Amino acid sequence: MMIFWIVTGLAVLAVAAPMVVALMRARREITGAEASDLQVYRDQLSEIDRDRARGTIGEAEAERLRTEVSRRILAADSRAHQADAAPASGAARGPRRVSAALLLLALIGGSYALYLTLGAPGYGDLTLRGRIAAAQEMRETRPSQQEAEAALPASPPSDAPAEYAQLVTRLRGAVEERPDDLQGQMLLARSEAALGNYAAAYAAQRRVIDLKADAAGAEDYADLADMMVLAAGGYVSPEAEKVLDQVMQRDPENGVARYYGGLMMAQTGRPDSAFRIWDNLLRDSDAGSPWVPAIAEQMPQMAQRAGINDYTLPQMASADLPGPTKEDMQAASEMSEGDRQAMIEGMVDNLSQRLADQGGSPEEWARLLTALGVLGQTDRAQSIWNEAQQVFATRPEALATVRQGAARAGLTD
């Protein structure tokens, strides 16, 4: 560090020295008799050129006059420089010395203050290649799943009802007696996770995957990775990373794996990669996806760490609206009359009641009209369409959306 400060101090002095010397040797402006004489002689030269152009004097006479005036200009300029080179008086040297000292102090003090604010004393230059290499080393040497779990404090006791805890205890005993019971292992994994026993939960989930063998899908591995990360307190271990690789091999668009993949990059010194992964995931997600709140909270800081200062969260598609979908209505139309009516009473009535009590978006009104049209309940649909026209009378754009549902129900063209 001492060598660094010495070298930077010499660099500042090298920059300041020419300015200080120039300030100490500043030439006085040419004023008084010398300046007046020089101006007169320059005017005489111009006059000689004009007289020669008019023909009032000959070329020889003009040349002689130019030579004489030029000699006088050189003499006046010499006197001016001699006066300027004369030692300055003590009164003149004092302010210059004070100005030079202030300039030197400002350069040295300002340079070091700026470095202490923006720099990192004691650290070497962090090149892009060096930062990438350091991140790779951090990723390769990071703690294992077992080490991360051991470093966490003991979890507080669960506040689950006593009856539920007793059921889980009985389930553990049953699964221990029948370790190859797939349904029992799946239930145990969910139950342990609900109690916050994530280590036991992912152990049971591993057994689920082993029992499913080749039939294990991306969601099975995604559940395992989720439980492992939760067991490690939000840390993505090398073991969890391998599970995430299994998820991505089966489903490259899996949201859980993409979220935890970005989290791992952020934890291992690659905020640039984490930012790209999460930004793409947000653009592919709807607002109701479970990972959206966590990403949205961290993205402003992640963008700054990635060198992006003007980042704006992307617009996400709305979550699926509650109520029956078009596919539900198609399925209902293929059922028997009794089954169809039972299905509709559970979906359409709920949506209709909620819109009547709480209101809803134009899309929800349009979906309800479409559903009633598919079921042939045109009278009920007409009544709701009449009400919608009053509700959205002052909102033409919203009414246009509802009108599309009315059209699908056969109420309008």
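Residues numbered from 1 in each chain as written. Predicted model: local features only at pLDDT ≥ 70, side-chain atom pairs only at ≥ 80, totals over all residues. Heavy atoms only, no water.

**Let's talk about the packing of aromatic side chains**
Applying the stated criterion across every chain yields a total of 3 aromatic pairs. With a centroid separation of 5.5 Å and an interplanar angle of 10°, the aromatic rings of Tyr259 and Trp278 are classed as stacked. Highlighted residues: Tyr259 in helix α12 (residues 255-267) and Trp278 in helix α13 (residues 271-284), separated in sequence by 19 residues. The pair Tyr259 / Trp278 is uniform in exposure class, with both members buried. Between the aromatic rings of Phe275 and Tyr311, the centroid separation amounts to 5.0 Å while the plane-to-plane angle is 80°, which identifies the pairing as edge-to-face. One end of the pair, Phe275, is in helix α13; the other, Tyr311, is in the loop between α14 (292-305) and α15 (326-333), and 36 residues separate them in sequence. Counting every residue linked through ring pairs, the aromatic cluster contains Tyr259, Tyr260 and Trp278. (Phe/Tyr/Trp six-rings, centres within 6.5 Å; stacked < 30°, edge-to-face > 60°. Helix = DSSP H or I, 4+ residues; strand = E, 2+ residues; numbered from the N terminus. Buried < 20%, exposed > 50% of the residue type's maximum accessible area, 1.4 Å probe, protein only.)

**Some details on the nonpolar core**
Ranked by internal contacts, the top residues of the largest apolar core, which has 42 residues, are Val236, Tyr259, Tyr260, Trp278, Ile295, Met299 and Met302. Looking at this core, the elements that each hand over two or more residues are α7 (162-177), α8 (182-194), α9 (198-212), α10 (218-231), α11 (238-250), α12, α13 and α14. With 9 residues, α10 is the single largest residue contributor to this core. If sequence neighbours within four positions are ignored, Trp278 has contacts with Arg258, Tyr259, Gly262, Leu263, Ile295, Gln298, Met299 and Met302. The next biggest cluster of nonpolar side chains, apart from the first, holds 15 residues, and it includes Leu355, Trp365, Leu372 and Val402. (Core = buried A, V, L, I, M, F, W, Y, C linked by side-chain atoms within 4.5 Å. Contact = heavy atoms within 4.5 Å.)

**Overview of the packing of α12 against α13**
Put simply, α12 and α13 touch, their axes get as near as 7 Å, and they point 160° apart. Relative to α13, the element α12 lies roughly antiparallel. Our pair here, α12 against α13, has a crossing hand that is left-handed. Of the residues in α13, those touching α12 at Gly255, Arg258, Tyr259, Gly261, Gly262, Leu263, Met265 and Ala266 are Pro271, Ser273, Ala274, Ile277, Trp278, Asn280, Leu281 and Asp284. In the contact of α12 with α13, the residues fall into 9 nonpolar, 5 polar and 2 charged. (Axes fitted to C-alpha atoms, helices over the stretch in contact; angles between N-to-C directions. Parallel < 35°, antiparallel > 145°, perpendicular 65-115°, else oblique. Left-handed = near helix turned anticlockwise from the far one by under 90°. Nonpolar A, V, L, I, M, F, W, Y, C, P; charged D, E, K, R; others polar.)

**With respect to the pattern of salt bridges**
As a working rule, side chains carrying opposite charge can pair if their charged atoms are close by. For the coordinates displayed, the defined rule picks out 20 salt bridges. Between Arg207 and Asp180 there is a salt bridge whose closest N-O contact spans 2.2 Å. Here the residue Arg207 occupies a position in helix α9, and Asp180 occupies one in the loop between α7 and α8, the gap between them amounting to 27 residues. The shortest N-O distance in the salt bridge between Asp284 and Arg258 comes to 2.9 Å. Linking Asp284 in helix α13 with Arg258 in helix α12, this pair joins segments that are 26 residues apart in sequence. By relative accessible area, which is 52% here, Asp284 ends up exposed. What makes Arg258 buried here is its relative accessible area of 11%. Three or more residues joined by partner-sharing salt bridges are found here, namely Asp49, Arg52, Glu59, Glu63 and Arg66. (Salt bridge = Lys/Arg side-chain N within 4 Å of Asp/Glu carboxyl O.)

**Topic: a nonpolar patch on the surface**
On the surface, Met2, Ile6, Leu10 and Leu13 cluster together into a nonpolar patch covering about 410 Å² of accessible area. Along the chain, Leu10 falls in helix α1 (residues 2-24). The exposed category is assigned to Leu10, whose relative accessible area is 53%. (Patch = residues over 30% accessible without salt bridge, like charges linked within 9 Å, V, L, I, M, F, W, Y side chains within 5 Å. Areas by Shrake-Rupley, 256 points an atom, 1.4 Å probe, with all protein chains shown as cover.)

**Some remarks on α14**
Over its 14 residues, α14 runs 19 Å from end to end, which matches the ideal 20 Å to within 8%, given 1.5 Å per residue. Of all the bends in α14, the greatest, near 45°, is centred on Met299, and the proline Pro300 appears no more than four residues after it. When we look at burial in α14, the residues that qualify are Val292, Ile295, Met299, Met302 and Ala303. Taken together, the buried residues of α14 touch α12 and α13. Positive backbone phi, approximately 90°, marks Gly307, located one or two places after α14. (Expected span 1.5 Å × (residues − 1). Bend = angle between axes of the 7 residues up to and from the residue.)

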